[in-house]
Amino acid sequence: MISFIICLALLIGGYFVYGKVVENTFAPDDRETPAVRINDGVDYVVMPQWKLFLVQLLNIAGLGPIFGAMQGALWGPVVFLWITFGTIFAGGVHDYLSGMMSMREDGHSISEIVGNDMGKTMLTVMRIFSVILLVLVGTVFMTGPAMLLSKLTGWAVLPWLIAVLGYYFLATILPIDKIIARLYPIFGICLIIMAVGIAGGMLLGIGGHVMPEMVMANLYPGEHQLPIWPLMFITVACGAVSGFHSTQSPLMARCLKDERLGRPVFYGAMVAEGVIALIWAAAGITFF
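Just so you know, these numbers come straight off a predicted model, no measurement behind them.

K.L.:
How should I be thinking about the packing of helix α6 (residues 79–104) against helix α13 (residues 262–287) in this particular structure?
P.N.:
Packed helices, taken two at a time, are described by their axes: the angle between them and the distance between them. Direction vectors running N to C along α6 and α13 enclose 155°, while the axes themselves pass 8 Å from each other. The orientation of α6 relative to α13 falls into the category roughly antiparallel. Remark: the crossing between α6 and α13 carries right-handed chirality. Residue composition of the contact of α6 with α13, grouped by class: 17 nonpolar, 7 polar and 2 charged.

K.L.:
Which parts of the structure should I look at to understand the environment of Ala 146?
P.N.:
Position of Ala 146 relative to the elements: it lies in helix α8 (residues 120–153). Separated by 17 residues in the primary sequence, Ala 146 and Ala 163 place their C-alpha atoms 8.3 Å from one another. When near neighbours in sequence (up to four residues on either side) are disregarded, Ala 146 contacts Val 157, Trp 160, Leu 161 and Val 164.

K.L.:
Sorry if this is basic, but what is going on with helix α12 (residues 245–253) here?
P.N.:
Within an α-helix, residues lying three or four positions from one another point in the same direction, as the helix has 3.6 residues per turn. In terms of burial, α12 is largely enclosed, as 8 of its 9 residues are buried. Taken together, the buried positions of α12 are occupied by His 245, Ser 246, Thr 247, Gln 248, Ser 249, Pro 250, Met 252 and Ala 253. For α12, the secondary structure elements touched by its buried residues are α3 (34–37), α4 (49–60), α6, α7 (110–118), α8 and α13.

K.L.:
Is there a simple way to think about the pattern of salt bridges in this case?
P.N.:
Side chains that differ in sign of charge can pair as their charged atoms come close. One pass over the full model with this rule turns up 10 salt bridges. One salt bridge connects Arg 263 with Glu 23, and the closest N-O pair in it is separated by 3.2 Å. In this pair, Arg 263 is assigned in helix α13 and Glu 23 in helix α2 (residues 18–26), connecting sequence segments 240 residues apart. Arg 260 is paired through a salt bridge with Asp 258; the nearest N and O atoms lie 3.7 Å apart. Here Asp 258 falls in the partly exposed class, since its relative accessible area comes to 27%. One network of salt bridges, with partners in common, ties together Asp 29, Arg 31, Arg 104 and Glu 259.

K.L.:
Would you take a moment to explain the side chain of Glu 259 for this structure?
P.N.:
The topology assignment puts Glu 259 in the loop between α12 and α13. Residue classification places Glu 259 among the buried residues on the basis of a relative accessible area of 2%. A polar side-chain atom of Glu 259 sits 2.6 Å from a polar atom in the side chain of Arg 104. Setting aside residues up to four positions removed in sequence, Glu 259 forms contacts with Pro 28, Asp 29, Arg 31, Thr 33, Met 100, Met 103 and Arg 104.

K.L.:
Sorry, what's going on with the packing of aromatic side chains here?
P.N.:
The geometry of an aromatic ring pair is captured by two quantities: the separation of the ring centres and the angle between the planes. What the rule picks out here adds up to 12 aromatic pairs. Geometrically, the ring pair formed by Tyr 15 and Phe 16 is edge-to-face, given 4.9 Å between the ring centres and 80° between the ring planes. For Tyr 15, a relative accessible area of 16% corresponds to the buried category. With relative accessibility at 54%, the residue Phe 16 sits in the exposed group. Grouping aromatic residues by their ring pairs yields a cluster made of Tyr 15, Phe 16 and Tyr 267. Here Arg 263 stacks its cationic end above the ring of Tyr 15, 4.8 Å away from the centre of that ring.

K.L.:
Is there a simple way to think about the nonpolar core in this case?
P.N.:
When a protein is soluble and globular, its nonpolar side chains tend to lie buried together. Counting residues in each nonpolar core, the largest one holds 64 residues, and the members touching the most others are Val 79, Phe 80, Met 252, Leu 256, Phe 266 and Tyr 267. Every element with two or more residues in this core is listed here: α1 (2–16), α2, α4, α5 (64–70), α6, α10 (180–203), α12 and α13. The element that contributes the greatest number of residues to this core is α13, accounting for 17 residues. In contact with Phe 266, other than residues within four places in its own chain, are Gln 56, Asp 95, Tyr 96, Gly 99, Met 100, Met 103, Ser 249, Met 252, Ala 253 and Leu 256.

Procedures and definitions
- Residues numbered from 1 in each chain as written.
- Predicted model: local features only at pLDDT ≥ 70, side-chain atom pairs only at ≥ 80, totals over all residues.
- Heavy atoms only, no water.
- Axes fitted to C-alpha atoms, helices over the stretch in contact; angles between N-to-C directions.
- Helix = DSSP H or I, 4+ residues; strand = E, 2+ residues; numbered from the N terminus.
- Parallel < 35°, antiparallel > 145°, perpendicular 65-115°, else oblique.
- Left-handed = near helix turned anticlockwise from the far one by under 90°.
- Nonpolar A, V, L, I, M, F, W, Y, C, P; charged D, E, K, R; others polar.
- Contact = heavy atoms within 4.5 Å.
- Buried < 20%, exposed > 50% of the residue type's maximum accessible area, 1.4 Å probe, protein only.
- Salt bridge = Lys/Arg side-chain N within 4 Å of Asp/Glu carboxyl O.
- Polar contact = N/O pair within 3.5 Å; in protein donor to acceptor, adjacent residues only side chain to side chain.
- Phe/Tyr/Trp six-rings, centres within 6.5 Å; stacked < 30°, edge-to-face > 60°.
- Lys NZ or Arg CZ within 6 Å of the ring centre and 35° of its normal.
- Core = buried A, V, L, I, M, F, W, Y, C linked by side-chain atoms within 4.5 Å.

Everything listed here is a matter of geometry and, on its own, says nothing about what the molecule does.
As C-alpha coordinates, this is what we get:
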(Lines give C-alpha, C1' and ligand atoms only; values in the text may rest on other atoms or scores of the structure.)
Protein backbone atom coordinates (compact mmCIF):
# COMPACT_ATOMS: atom_id res chain seq x y z
CA MET A 1 0.00 0.00 0.00
CA ILE A 2 2.89 2.36 0.71
CA SER A 3 4.12 2.04 -2.89
CA PHE A 4 0.66 2.95 -4.18
CA ILE A 5 0.31 5.99 -1.90
CA ILE A 6 3.78 7.29 -2.82
CA CYS A 7 3.03 7.00 -6.55
CA LEU A 8 -0.34 8.67 -6.05
CA ALA A 9 1.33 11.57 -4.24
CA LEU A 10 3.95 11.85 -7.00
CA LEU A 11 1.23 12.03 -9.65
CA ILE A 12 -0.60 14.83 -7.87
CA GLY A 13 2.64 16.65 -7.12
CA GLY A 14 3.71 16.26 -10.76
CA TYR A 15 0.74 18.36 -11.85
CA PHE A 16 1.78 21.29 -9.66
CA VAL A 17 5.54 21.03 -10.22
CA TYR A 18 6.39 19.62 -13.65
CA GLY A 19 3.04 20.72 -15.09
CA LYS A 20 3.98 24.29 -14.17
CA VAL A 21 7.38 23.87 -15.82
CA VAL A 22 5.70 22.74 -19.05
CA GLU A 23 3.23 25.62 -18.87
CA ASN A 24 6.01 28.17 -18.37
CA THR A 25 7.87 26.72 -21.34
CA PHE A 26 4.86 27.15 -23.62
CA ALA A 27 4.08 30.58 -22.10
CA PRO A 28 0.30 31.04 -22.45
CA ASP A 29 -0.75 34.68 -22.79
CA ASP A 30 -3.78 36.99 -23.12
CA ARG A 31 -4.43 36.49 -26.84
CA GLU A 32 -7.98 35.68 -27.90
CA THR A 33 -8.67 31.98 -28.05
CA PRO A 34 -10.54 30.34 -30.96
CA ALA A 35 -13.58 29.89 -28.69
CA VAL A 36 -13.83 33.69 -28.33
CA ARG A 37 -12.59 34.78 -31.76
CA ILE A 38 -14.42 32.25 -33.95
CA ASN A 39 -17.38 31.33 -31.67
CA ASP A 40 -19.82 29.73 -34.13
CA GLY A 41 -22.12 27.98 -31.67
CA VAL A 42 -21.25 24.58 -33.17
CA ASP A 43 -17.64 23.49 -32.58
CA TYR A 44 -16.34 26.76 -31.14
CA VAL A 45 -18.25 27.38 -27.91
CA VAL A 46 -17.00 28.88 -24.65
CA MET A 47 -17.44 26.35 -21.83
CA PRO A 48 -16.69 26.57 -18.06
CA GLN A 49 -13.45 25.06 -16.79
CA TRP A 50 -15.05 22.24 -14.76
CA LYS A 51 -16.99 21.05 -17.78
CA LEU A 52 -13.94 21.31 -20.04
CA PHE A 53 -11.97 19.15 -17.62
CA LEU A 54 -14.62 16.44 -17.36
CA VAL A 55 -15.24 16.31 -21.12
CA GLN A 56 -11.51 16.13 -21.82
CA LEU A 57 -11.12 13.38 -19.21
CA LEU A 58 -13.83 11.24 -20.75
CA ASN A 59 -12.57 11.94 -24.29
CA ILE A 60 -9.08 10.67 -23.52
CA ALA A 61 -9.91 8.05 -20.89
CA GLY A 62 -13.05 5.95 -21.32
CA LEU A 63 -12.24 2.27 -20.80
CA GLY A 64 -8.54 2.65 -21.68
CA PRO A 65 -7.06 3.33 -18.22
CA ILE A 66 -9.23 0.53 -16.80
CA PHE A 67 -8.69 -2.37 -19.20
CA GLY A 68 -5.01 -1.75 -19.96
CA ALA A 69 -4.07 -0.84 -16.38
CA MET A 70 -5.72 -3.95 -14.93
CA GLN A 71 -3.59 -6.05 -17.27
CA GLY A 72 -0.62 -4.38 -15.62
CA ALA A 73 -1.15 -6.93 -12.85
CA LEU A 74 0.95 -9.25 -15.04
CA TRP A 75 4.05 -7.29 -13.96
CA GLY A 76 3.10 -6.52 -10.39
CA PRO A 77 3.62 -3.19 -8.57
CA VAL A 78 6.44 -2.14 -10.93
CA VAL A 79 3.68 -0.97 -13.29
CA PHE A 80 3.04 1.84 -10.78
CA LEU A 81 6.31 3.45 -11.85
CA TRP A 82 5.43 3.43 -15.54
CA ILE A 83 2.00 4.95 -14.91
CA THR A 84 3.39 7.61 -12.58
CA PHE A 85 6.42 8.81 -14.51
CA GLY A 86 4.83 8.16 -17.89
CA THR A 87 1.93 10.44 -16.99
CA ILE A 88 4.08 13.22 -15.56
CA PHE A 89 6.83 13.35 -18.17
CA ALA A 90 5.16 11.93 -21.30
CA GLY A 91 1.36 11.78 -21.26
CA GLY A 92 0.78 15.10 -19.54
CA VAL A 93 3.33 16.92 -21.68
CA HIS A 94 1.94 15.38 -24.87
CA ASP A 95 -1.66 16.27 -24.05
CA TYR A 96 -0.87 19.81 -22.92
CA LEU A 97 1.27 20.66 -25.92
CA SER A 98 -1.05 19.06 -28.49
CA GLY A 99 -4.00 20.94 -27.00
CA MET A 100 -2.19 24.25 -26.80
CA MET A 101 -0.76 23.96 -30.31
CA SER A 102 -4.26 23.31 -31.58
CA MET A 103 -5.49 26.40 -29.74
CA ARG A 104 -2.77 28.52 -31.35
CA GLU A 105 -3.76 27.06 -34.76
CA ASP A 106 -7.46 27.99 -34.54
CA GLY A 107 -8.46 24.61 -33.10
CA HIS A 108 -7.19 22.61 -36.06
CA SER A 109 -6.55 18.87 -35.78
CA ILE A 110 -3.03 17.56 -35.26
CA SER A 111 -2.76 16.44 -38.91
CA GLU A 112 -3.52 19.97 -40.15
CA ILE A 113 -0.96 21.44 -37.76
CA VAL A 114 1.69 19.01 -39.03
CA GLY A 115 0.76 19.93 -42.60
CA ASN A 116 1.18 23.64 -41.89
CA ASP A 117 4.70 23.11 -40.57
CA MET A 118 5.98 20.20 -42.69
CA GLY A 119 4.16 20.49 -46.03
CA LYS A 120 1.44 18.71 -47.99
CA THR A 121 3.17 15.31 -48.08
CA MET A 122 3.27 15.01 -44.30
CA LEU A 123 -0.26 16.41 -44.13
CA THR A 124 -1.46 13.50 -46.27
CA VAL A 125 0.56 10.99 -44.24
CA MET A 126 -0.85 12.29 -40.96
CA ARG A 127 -4.41 12.33 -42.29
CA ILE A 128 -4.15 8.68 -43.34
CA PHE A 129 -2.49 7.71 -40.05
CA SER A 130 -5.14 9.59 -38.03
CA VAL A 131 -8.01 7.91 -39.88
CA ILE A 132 -6.52 4.44 -39.33
CA LEU A 133 -5.85 5.22 -35.66
CA LEU A 134 -9.35 6.56 -35.09
CA VAL A 135 -10.97 3.56 -36.79
CA LEU A 136 -9.02 1.20 -34.51
CA VAL A 137 -9.70 3.19 -31.35
CA GLY A 138 -13.32 3.81 -32.34
CA THR A 139 -13.85 0.08 -32.76
CA VAL A 140 -12.64 -0.55 -29.21
CA PHE A 141 -14.68 2.35 -27.83
CA MET A 142 -17.82 0.89 -29.42
CA THR A 143 -17.36 -2.81 -28.73
CA GLY A 144 -16.07 -2.34 -25.16
CA PRO A 145 -19.14 -0.46 -23.83
CA ALA A 146 -21.50 -2.63 -25.93
CA MET A 147 -20.11 -5.84 -24.41
CA LEU A 148 -20.26 -4.42 -20.89
CA LEU A 149 -23.87 -3.32 -21.37
CA SER A 150 -24.69 -6.73 -22.84
CA LYS A 151 -23.35 -8.48 -19.72
CA LEU A 152 -25.20 -6.10 -17.40
CA THR A 153 -28.56 -6.44 -19.17
CA GLY A 154 -28.42 -9.92 -20.68
CA TRP A 155 -29.24 -8.51 -24.11
CA ALA A 156 -27.30 -9.36 -27.25
CA VAL A 157 -24.22 -7.30 -28.09
CA LEU A 158 -25.45 -6.15 -31.54
CA PRO A 159 -28.34 -3.92 -30.36
CA TRP A 160 -26.05 -2.21 -27.87
CA LEU A 161 -23.37 -1.82 -30.53
CA ILE A 162 -25.88 -0.09 -32.82
CA ALA A 163 -27.04 2.13 -29.95
CA VAL A 164 -23.48 3.17 -29.03
CA LEU A 165 -22.65 3.85 -32.70
CA GLY A 166 -25.81 5.96 -33.05
CA TYR A 167 -24.89 7.92 -29.93
CA TYR A 168 -21.38 8.61 -31.26
CA PHE A 169 -22.82 9.69 -34.61
CA LEU A 170 -25.23 12.16 -33.02
CA ALA A 171 -22.53 13.51 -30.68
CA THR A 172 -20.31 14.12 -33.73
CA ILE A 173 -22.76 15.94 -36.01
CA LEU A 174 -24.63 18.02 -33.40
CA PRO A 175 -23.19 21.20 -31.80
CA ILE A 176 -20.75 20.34 -29.01
CA ASP A 177 -22.96 21.86 -26.30
CA LYS A 178 -26.00 19.74 -27.23
CA ILE A 179 -24.80 16.23 -26.31
CA ILE A 180 -21.08 16.17 -25.50
CA ALA A 181 -21.16 19.11 -23.06
CA ARG A 182 -24.25 17.73 -21.32
CA LEU A 183 -23.63 13.98 -21.09
CA TYR A 184 -19.83 13.65 -21.05
CA PRO A 185 -19.42 15.45 -17.69
CA ILE A 186 -21.88 12.97 -16.13
CA PHE A 187 -19.96 9.99 -17.50
CA GLY A 188 -16.69 11.63 -16.42
CA ILE A 189 -17.99 11.96 -12.86
CA CYS A 190 -19.04 8.29 -12.95
CA LEU A 191 -15.50 7.34 -14.03
CA ILE A 192 -14.08 9.25 -11.05
CA ILE A 193 -16.62 7.84 -8.57
CA MET A 194 -15.83 4.27 -9.66
CA ALA A 195 -12.11 4.87 -9.18
CA VAL A 196 -12.63 6.46 -5.76
CA GLY A 197 -14.82 3.53 -4.70
CA ILE A 198 -12.24 0.97 -5.80
CA ALA A 199 -9.43 2.90 -4.10
CA GLY A 200 -11.43 3.18 -0.88
CA GLY A 201 -12.17 -0.54 -0.86
CA MET A 202 -8.49 -1.40 -1.28
CA LEU A 203 -7.21 1.09 1.28
CA LEU A 204 -9.74 -0.12 3.85
CA GLY A 205 -8.79 -3.72 3.16
CA ILE A 206 -12.37 -4.79 2.38
CA GLY A 207 -12.55 -8.52 1.72
CA GLY A 208 -9.24 -9.18 3.43
CA HIS A 209 -7.17 -8.41 0.33
CA VAL A 210 -3.69 -6.96 0.86
CA MET A 211 -2.02 -4.79 -1.75
CA PRO A 212 1.52 -6.07 -2.46
CA GLU A 213 4.44 -3.68 -2.20
CA MET A 214 6.98 -2.83 -4.87
CA VAL A 215 9.71 -5.32 -3.98
CA MET A 216 11.75 -7.70 -6.13
CA ALA A 217 9.76 -10.72 -4.92
CA ASN A 218 6.60 -9.21 -6.45
CA LEU A 219 8.18 -8.17 -9.74
CA TYR A 220 6.73 -11.13 -11.66
CA PRO A 221 3.59 -12.41 -9.93
CA GLY A 222 2.04 -15.69 -11.05
CA GLU A 223 3.42 -18.24 -13.48
CA HIS A 224 3.84 -16.09 -16.59
CA GLN A 225 7.04 -14.06 -16.33
CA LEU A 226 6.55 -11.67 -19.24
CA PRO A 227 9.40 -9.25 -20.06
CA ILE A 228 8.84 -5.70 -18.84
CA TRP A 229 10.39 -4.24 -21.98
CA PRO A 230 8.60 -3.70 -24.27
CA LEU A 231 5.39 -5.51 -23.29
CA MET A 232 4.42 -3.53 -20.19
CA PHE A 233 4.77 -0.20 -22.01
CA ILE A 234 2.56 -1.42 -24.85
CA THR A 235 -0.06 -3.11 -22.67
CA VAL A 236 -0.45 -0.17 -20.26
CA ALA A 237 -0.58 2.77 -22.66
CA CYS A 238 -3.72 4.69 -21.64
CA GLY A 239 -3.02 6.17 -18.24
CA ALA A 240 0.65 6.76 -19.04
CA VAL A 241 0.88 8.01 -22.63
CA SER A 242 -1.30 7.79 -25.74
CA GLY A 243 -0.91 9.45 -29.12
CA PHE A 244 -4.67 9.07 -29.59
CA HIS A 245 -5.16 11.97 -27.18
CA SER A 246 -3.83 14.45 -29.74
CA THR A 247 -6.89 13.71 -31.90
CA GLN A 248 -9.21 14.57 -29.00
CA SER A 249 -7.53 17.65 -27.53
CA PRO A 250 -8.62 19.98 -30.38
CA LEU A 251 -12.26 19.46 -29.30
CA MET A 252 -11.58 21.31 -26.05
CA ALA A 253 -9.01 23.64 -27.63
CA ARG A 254 -12.00 25.18 -29.42
CA CYS A 255 -13.86 25.77 -26.16
CA LEU A 256 -11.31 27.38 -23.80
CA LYS A 257 -11.87 31.07 -23.12
CA ASP A 258 -8.34 31.60 -21.77
CA GLU A 259 -5.01 30.00 -22.68
CA ARG A 260 -4.16 29.71 -18.99
CA LEU A 261 -6.89 27.10 -18.61
CA GLY A 262 -4.77 24.74 -20.71
CA ARG A 263 -2.86 23.26 -17.79
CA PRO A 264 -5.86 22.24 -15.65
CA VAL A 265 -7.78 21.01 -18.70
CA PHE A 266 -5.12 19.22 -20.76
CA TYR A 267 -2.32 18.37 -18.31
CA GLY A 268 -4.78 18.04 -15.44
CA ALA A 269 -7.08 15.60 -17.27
CA MET A 270 -4.08 13.43 -18.17
CA VAL A 271 -2.97 13.37 -14.52
CA ALA A 272 -6.52 12.42 -13.54
CA GLU A 273 -6.38 9.59 -16.07
CA GLY A 274 -3.05 8.53 -14.60
CA VAL A 275 -4.62 8.43 -11.13
CA ILE A 276 -7.50 6.32 -12.46
CA ALA A 277 -5.05 3.96 -14.18
CA LEU A 278 -2.97 3.71 -11.00
CA ILE A 279 -6.04 2.75 -8.98
CA TRP A 280 -7.22 0.09 -11.43
CA ALA A 281 -3.70 -1.30 -11.81
CA ALA A 282 -3.52 -1.56 -8.03
CA ALA A 283 -6.89 -3.29 -8.03
CA GLY A 284 -5.65 -5.83 -10.55
CA ILE A 285 -2.48 -6.46 -8.58
CA THR A 286 -4.34 -6.73 -5.28
CA PHE A 287 -7.17 -9.03 -6.33
CA PHE A 288 -5.40 -11.19 -8.93
